[in-house]
Amino acid sequence: VLASLPLQMMLYFNVYYFPVWCLAEGMMLQQKYHLLPQHYQFLLVMAFLILSLAEGSRLYLGYVGNLQEK
């Protein structure tokens, strides 16, 4: 079994676009944060953190799994 080149290319570009997404999402969160009720503020921040951690771990595991052919 060989490493998948299309998967590796998608992971490569996603690694570079992920910080752009985080920056844009963080700026939008900052703009509308004070306009939301307190429970929505908490939910929005938690969703942002969970999605960021999940995406980071997905990219790491994808790189490791694809390059080690797992």
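Computed from a predicted structure; not experimentally measured.

(A) Structural context of the overall build of the protein chain. Of regular secondary structure, the protein chain possesses 2 helices and 0 strands. Its C-alpha atoms give the protein chain principal-axis dimensions of about 50 × 20 × 10 Å. Each of the 70 residues in the protein chain was classed as buried or not, and the buried ones make up 19%. In the protein chain, of all internal contacts separated by at least 6 residues, the share reaching a separation of at least 24 is 74%. Accessible surface computed for the protein chain: about 5700 Å², of which carbon and sulfur atoms make up 74%.

(B) Spotlight on the pattern of salt bridges. Enumeration over the complete set of coordinates arrives at 1 salt bridge. Glutamate 55 is the salt-bridge partner of arginine 58, the closest N and O atoms lying 2.7 Å from each other. In this pair, arginine 58 and glutamate 55 are both assigned in helix α2 (residues 38-67), 3 residues apart and thus about one turn of the helix distant.

(C) Layout of the packing of aromatic side chains. Using the criterion set out here, one finds 4 aromatic pairs in the structure. Relative to tryptophan 21, the ring of phenylalanine 18 lies with its centre 6.0 Å away and its plane at 15°, an arrangement referred to as stacked. Here phenylalanine 18 and its partner tryptophan 21 are both found in helix α1 (residues 5-32), 3 residues apart, which amounts to about one turn of the helix. Take phenylalanine 18: its relative accessible area is 16%, and that puts it in the buried class.

Thresholds, definitions, all that
- Residues numbered from 1 in each chain as written.
- Predicted model: local features only at pLDDT ≥ 70, side-chain atom pairs only at ≥ 80, totals over all residues.
- Heavy atoms only, no water.
- Helix = DSSP H or I, 4+ residues; strand = E, 2+ residues; numbered from the N terminus.
- Buried < 20%, exposed > 50% of the residue type's maximum accessible area, 1.4 Å probe, protein only.
- Contact = heavy atoms within 4.5 Å.
- Areas by Shrake-Rupley, 256 points an atom, 1.4 Å probe, with all protein chains shown as cover.
- Salt bridge = Lys/Arg side-chain N within 4 Å of Asp/Glu carboxyl O.
- Phe/Tyr/Trp six-rings, centres within 6.5 Å; stacked < 30°, edge-to-face > 60°.

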